[in-house]
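Each chain, written out:
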Amino acid sequence: MAEDSNLPNSENLNTKNGNFICGVVEGFYGRPWTTEQRKDLFQKMKKWGMDSYVYAPKDDYKHRAYWRELYTVEEAEHLTGLIQAAKDQNITFYYALSPGLDITYSSAKEITALKRKLEQVSQFGCTAFALLFDDIEPEMSEADKEVFQSFAQAQVSITNDIYQHLGQPRFLVCPTQYCSTRAVPNVTNSEYLNTLGSKLAQEIDIMWTGQKVISRMLTKENIQEITDALRRPPVIWDNLHANDYDQKRVFLGPYSGRSPDLIPKLRGVLTNPNCEYGANFVAIHTLAQWSRCNVDGQRDLTLNDTVSADIKLETETEDGLGEDVPSSLSPNMYHPRQALRNAINEWLPEFSKHKTAWGPIVKPQPAVAVIPLPIIPSINTCMTLTSTTTTTTGSMAQPVVNQNQLQALAEVCSTVTVSESLVSPVPGPVMNSLVSDTKVVCNDSIPNPIAPVPIPIAVSDCETKSITVLSGTHTKPEKEKNKIMNGDKPEEGQIDGKEVGKEEICMNTDTSTDLSNESSLSPSEPMDCNSTPNISPAHVVKAPVENSTEDVPMSETSTSSGSMQVETTDGANQMVVENQTDPDNLRKETELTFEDLSLLCDLFYLPFEHGGQGLQLLQEFNWLKSNAHVVIAANQKKDASRSEVQEWFIRAEKMNEMTQAVNRLFQHLSSCNNREILYDLYSYLWDIRGVISLLNSYVKWLAGGQFPASMPSYTQGTYTWFSKGWKETFMSGEQEPWVFRGGLTADLQRLIPVDSGNDLFVYKVPDVPTCRVFTVRPYLPADEEMVYSVCSRTCKDGLEDPHPYPDQLKNLQADRVVAPYLTLHPEFCFVVEDDAGIVGYACASPDYKKFRVKMELAWIPEMCEKYPMSLSDKDLSKFAQDSISYFHGFKDEIYVSSPTHPSSMICSILPSVLDQSVSKRLVTCLLAALRANGSFGVHVVMSSTDSYTHAFYGKLGFVENTHEAIKGKIVMGRTF
């Protein structure tokens, strides 16, 4: 803060007198933070000049669900220790209760229970309290209606009583109408807010989230309006960095959209940040910087103009932090991007600290079924969630997002698929963060009293179906709390909260493309559901050595579902010890850099804004896809010298470089000493790295120019970031961010031209981190030997034929299965590799009928000569004999001729690959290539006894095609 003499006259007296409340509210849904994390937070807050912490974790069970229950001796010890730890750092510890779900305001017994609970906490040394009435039904019980004239009066009565009873301590209240969109009928005329303002004790501070639950901007007008209604300046409960409504998003961007000019008009600001404690350094650090400023350092204050904001972002510098930062900022001037730089510089050393983590990796957010709110309430649009692409040729205009389609757009974006399993979910186990220093314990034996509430949602067939979700400051629409801390990472199109059984090796998804068949799914075990968990052996983390072909020892296998995985400090120490030959070189190879963290923050920026480098990825890929036609012409003329062709390849290389930068970030992060931060961030980075890698693989395929000029008509896609009106709506802040689910990961994913492939983006994050990077790329002639090897090692039920083959037959299976594709359609062949080499392949023919004709002419005769029937008399397995017979009986074979699934394909992955996303990414790339050539359906054929292959393709979204029955065979197909 600048010297007082330099402060403007309007400077807030609260700030000058040190009374401006600035800090953190732990007020999100899902897994609470641990005792150790909270103590670490208090130290950081003191260092950064913050002063307040509000304990209000929605799912810590004695805060809300069991608010009446007193703390046990063990819990009291932890809470007392926390309150003392806050005092030691000069942090005011506000203890909050949320009694609003089921309290009877007129009941003396209830008031007594409330007083008794808060008295107990005051005995632990607590001197500041809060009552939270958010996310509850705004209706009184019949008993209360007889005593109170209004809901607001009931809340005022109980709050004033408690406030006086506790001796008028520091006190906060969160109202039920906590933002402008919840005010009935509006802020100025809300009877509820005006009653609070006039009747609540003047010393009690009232919380407010702004215009919306998650407000893109806070304006002076909105603050003045609520100040007038409440007769006092509000304390902002700021949800800008909250992520408990979307399991695919985490927010690492700077505090922004709030001018420091607001500070004199506020009582304080408390950020309710990401569920993952380790992800909040930037959010809290930049708020602290903001609170010390009184001048807005952003030159361009026209952020309401989303188009100009977007243009500004498009012209960012290489590091994505922008050219719009003034070269010199005075200490009292706030600029978000400069604040981000400052925060990253201080965050970087945190990654080198040796910290352990509890595993397996699990999502802290509740599993939610988010219902997209109607964007245009007056329009009841019914659209199928998986829209098909128009296939007319001719000039293709980008799909236009008009007002009539905005609600449907929200549904496409959310890709919420209604499943019968959501109709009556069971509330998750209750969680307790006050019985252990290092973990949150779940207890299944205590019933969760929070009853689910059914909410109607329009589904694709224009009927209304109720799905059951929980009432649940911040995440309206209400949430389903089916499985808390679910380890699964839902993607677009998945029903949140479902996870495939851990024993599945290759991949995990539903067995049908519409995700309605949940039979293969079983819920995962929450993080720690026993009061005395079985501790699994420690996982030693080994830093990757350059050119090493070995994966880290923590492969993606999982322990039995109930046990916990622990990383000991020994593992972190081993990271240093095992490479003592050249520690400096190792450090250089694996240490996170400022550039790494800048990229990470840009990929996971803010709810209404992608970071500069994230936007660059979107724009580069879209440009490369839209301009791929120049590559066809260059290939036909064998002339790549034209400037537009050269530009295409230069930009393709730029895309490749950006992909490599993300890979480096992924490997550096995976090798860091601080396993706690790694576990918090890993799933997000793992996911987006896979999507970016997939886009890059597709660009590499486009570079071959093996597609017709009509390609744009097949690959236009439905709504994407580049559809007219999309990014404007996204960036405007007019919609709550849960309407646009999935963040940058989903926006990148939607650019992949596979419309009906949502299930291909549903996969489980590895239980423990690994640096192993798999890359999909087009097949090259030099790959033939390794592809043959993979085929031979997976040809019989996913494994090698155990029966030995003589040398002259060593390629028999490859010649039968994969070689025809490699020879006749190399342009539709992809491989997936890691550092050690090729570990899988996928090949296709766009038109199977034509492919068979080519095989008869150019492949089968050669094979009949190479493998005469006389060889089958040798001491061969029946499997090998049948393979030889296949060539000789090819002409008479009954084959699939399907107008809806004209293409054929094969895919195989080595059994050593346990990453469940690899086969899906590989197949997605292949299907996108087929799509570019006008095919929308593909089939596979296997022996009716081959259960492995049947299950493998089933998990890739293929379903049995009974119309194409062939004796002794199973035909499976899928559309895309």
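These numbers come from a predicted model, not from an experiment.

Looking now at the overall build of the chain. Helix and strand counts for the chain stand at 30 helices and 24 strands. Among the 976 residues that make up the chain, the fraction classed as buried is 62%. Here the chain displays about 36,100 Å² of accessible surface, and carbon together with sulfur accounts for 50% of that area.

Relative to the assigned elements, Ile136 resides in the loop between β4 (128–132) and α5 (142–145). By relative accessible area, which is 8% here, Ile136 ends up buried. Residues Ile136 and Asp102, 34 residues apart in the sequence, show an inter-C-alpha distance of 8.9 Å.

This part is about the sheet that holds strand β1 (residues 21–26). As summarised here, the arrangement of the 8 strands in space is β1-β2-β3-β4-β5-β6-β7-β8, forming a closed barrel in which the pairing is parallel. Across this sheet, the average inter-strand angle for adjacent strands is 25 degrees, counted without regard to direction. Direction of pairing for strand β3 (residues 92–97) relative to β4: parallel, over a ladder of 4 bridges. If you follow Ala96 over to β4, its bridge partner there is Ala130. Its contacts with the sheet put helix α4 (residues 108–123) on β3 and β4, and the angle it makes with β3 is roughly 155 degrees. Contacting β4 and β5 (170–174), helix α6 (residues 151–165) crosses the sheet at an angle of about 165 degrees to β5.

Interhelical geometry of helix α18 (residues 643–670) versus helix α19 (residues 675–702) gives an angle of 160 degrees and a closest axis separation of 9 Å. In terms of orientation, α18 and α19 fall into the roughly antiparallel class. Between α18 and α19 lies a crossing whose hand is left-handed. Among the residues making up the contact of α18 with α19, the classes are represented as 16 nonpolar, 6 polar and 3 charged.

Let us now look at the packing of helix α16 (residues 612–626) against α19. At a closest axis distance of 10 Å, the pairing of α16 and α19 adopts a crossing angle of 25 degrees. It follows that α16 is roughly parallel to α19 by the angle criterion. For the pair α16 and α19, the crossing hand works out as left-handed. Of the residues in α19, those in contact with Leu617, Phe621, Leu624 and Lys625 of α16 are Ile692, Leu695, Tyr698, Val699 and Leu702. Class assignment for the residues of the contact of α16 with α19 results in 8 nonpolar, no polar and 1 charged.

Before going further, it helps to spend a moment on the packing of aromatic side chains. Scanning the model with the defined rule gives 39 aromatic pairs in all. Between the aromatic rings of Phe281 and Trp347, the centroid separation amounts to 6.2 Å while the plane-to-plane angle is 15 degrees, which identifies the pairing as stacked. Of this pair, Phe281 sits in helix α9 (residues 281–291) while Trp347 sits in helix α11 (residues 336–347), and the two are 66 residues apart along the sequence. On the basis of relative accessible area, Phe281 is assigned to the buried category, the value being 7%. Classification of Trp347 as buried rests on a relative accessible area of 1%. Their ring planes at 35 degrees and their centres at 5.5 Å tell us that Phe666 and Tyr682 sit as a pair that is tilted. Note that Phe666 is positioned in helix α18 and Tyr682 in helix α19, a separation of 16 residues in sequence.

The tally for this structure, following the rule as stated, stands at 30 salt bridges. The partner of Glu26 in a salt bridge is Arg38, and the shortest N-O contact between them spans 2.8 Å. In this pair, Glu26 is assigned in strand β1 and Arg38 in helix α2 (residues 35–47), connecting sequence segments 12 residues apart. The partner of Asp205 in a salt bridge is Arg267, with the nearest N and O atoms 3.1 Å apart. One end of the pair, Asp205, is in strand β6 (residues 205–208); the other, Arg267, is in the loop between β7 (235–238) and β8 (268–271), with 62 residues separating them in the sequence. Grouping residues by exposure puts Asp205 and Arg267 together as buried. Three or more residues joined by partner-sharing salt bridges are found here, namely Asp40, Lys44, Glu350, Lys353 and Lys355.

Moving on: helix α28 (residues 878–888). Where α28 is concerned, the buried positions are Ala880, Ser883, Ile884 and Phe887. For α28, the buried positions fall inside an angular range of 95 degrees around the axis, keeping them on one side. Those residues of α28 that are buried are in contact with α24 (812–817) and α27 (860–866).

So, about the nonpolar core. With 248 residues, the main nonpolar core has Phe93, Tyr95, Trp347, Leu603, Met905 and Tyr953 as its most contacted residues. In terms of residue count, the dominant contributor to this core is α19 (17 residues). If we ignore the near neighbours within four places in the chain, the residues touching Trp347 are Leu252, Gly278, Phe281, Val282, Leu597, Leu600, Cys601, Ile677 and Leu681.

Strands sit in the order β18-β19-β20-β21-β22-β24-β23 across an open sheet of 7 strands; the sheet is mixed. The open sheet terminates on both sides in strands that have one partner only, identified here as β18 (775–778) and β23 (959–960). Helix α23 (residues 784–794) rests against β19 (829–834), β20 (837–845) and β21 (903–909) of the sheet, and its axis sits at about 85 degrees to β20. Along the sheet, helix α29 (residues 918–932) contacts β18, β19, β20, β21, β22 (937–943) and β24 (969–975); its crossing angle with β21, the most-contacted strand, is approximately 155 degrees.

Attention now goes to helix α30 (residues 947–954). Every buried residue of α30 is listed here: Thr949, Phe952, Tyr953 and Gly954. As for α30, its buried residues are in contact with β21, α29, β22 and β24.

We now examine unusual backbone geometry. Here Val184 and Pro185 are connected by a cis peptide whose omega angle stands at -5 degrees. When you line up the elements, Pro185 lands in the loop between β5 and α7 (191–199). We note that Gln168 has phi near 55 degrees; this positive angle belongs to a residue other than glycine. Along the chain, the position of Gln168 falls in the loop between α6 and β5.

By relative accessible area, Arg38 is classed as buried at 0%. Residues in contact with Arg38, not counting those within four places in the same chain, are Glu26, Pro32, Trp33, Tyr53, Tyr55, Pro57, Asp60, Leu82, Ser433 and Leu434.

Turning our eyes to something else, we now look at the state of the cysteines. Considering all chains together, one arrives at 0 disulfides under this definition. You can see Cys179 has no disulfide; the closest cysteine sulfur is in Cys174, sitting 9.5 Å from it. Given a relative accessible area of 0%, Cys179 falls into the buried group. Between Cys907, a free cysteine, and Cys843, which holds the nearest cysteine sulfur, the sulfur-to-sulfur gap is 8.7 Å.

This part covers the pairing of β19. One face of the sheet, then the other: side chains in a regular strand alternate in exactly this way. In terms of burial, β19 is a largely internal element, 5 of the 6 residues being buried. Pairing of β18 with β19 involves 4 bridges; the strand directions are antiparallel. Residue pairing across strands places Val776 opposite Val832, the latter belonging to β19. Both β19 and β20 contribute to a ladder of 6 bridges, which runs antiparallel.

Here the focus is the environment of Thr127. Structurally, the position occupied by Thr127 is in the loop between α4 and β4. Owing to a relative accessible area of 51%, Thr127 belongs among the exposed residues under this scheme. Placed 32 residues apart in sequence, Thr127 and Tyr95 show a C-alpha to C-alpha distance of 8.5 Å. Apart from the residues within four sequence positions on either side, Thr127 is in contact with Pro169 and Arg170.

Moving on: the confidence of the model for the chain. Summing up the model confidence of the chain, the mean pLDDT is 78 and the portion of residues at 70 or higher is 73%. Counting interchain partners and residues more than four positions distant, the pLDDT-below-50 stretch residues 1–17 has 27 contacts. Taken as a whole, residues 452–583 scores under 50 in pLDDT and shows 407 contacts with residues more than four places along the chain or in a different chain.

Moving on to the environment of Asn186. Residue placement: Asn186 occurs in the loop between β5 and α7. There is a polar contact of 2.8 Å between the side chain of Asn186 and the backbone nitrogen of Asn189.

Calculation notes
- Residues numbered from 1 in each chain as written.
- Predicted model: local features only at pLDDT ≥ 70, side-chain atom pairs only at ≥ 80, totals over all residues.
- Heavy atoms only, no water.
- Helix = DSSP H or I, 4+ residues; strand = E, 2+ residues; numbered from the N terminus.
- Buried < 20%, exposed > 50% of the residue type's maximum accessible area, 1.4 Å probe, protein only.
- Areas by Shrake-Rupley, 256 points an atom, 1.4 Å probe, with all protein chains shown as cover.
- Pairing = 2+ DSSP bridges.
- Axes fitted to C-alpha atoms, helices over the stretch in contact; angles between N-to-C directions.
- Contact = heavy atoms within 4.5 Å.
- Parallel < 35°, antiparallel > 145°, perpendicular 65-115°, else oblique.
- Left-handed = near helix turned anticlockwise from the far one by under 90°.
- Nonpolar A, V, L, I, M, F, W, Y, C, P; charged D, E, K, R; others polar.
- Phe/Tyr/Trp six-rings, centres within 6.5 Å; stacked < 30°, edge-to-face > 60°.
- Salt bridge = Lys/Arg side-chain N within 4 Å of Asp/Glu carboxyl O.
- Arc of directions from axis to C-beta.
- Core = buried A, V, L, I, M, F, W, Y, C linked by side-chain atoms within 4.5 Å.
- Disulfide = S-S within 2.5 Å.
- pLDDT = per-residue confidence, 0-100.
- Polar contact = N/O pair within 3.5 Å; in protein donor to acceptor, adjacent residues only side chain to side chain.

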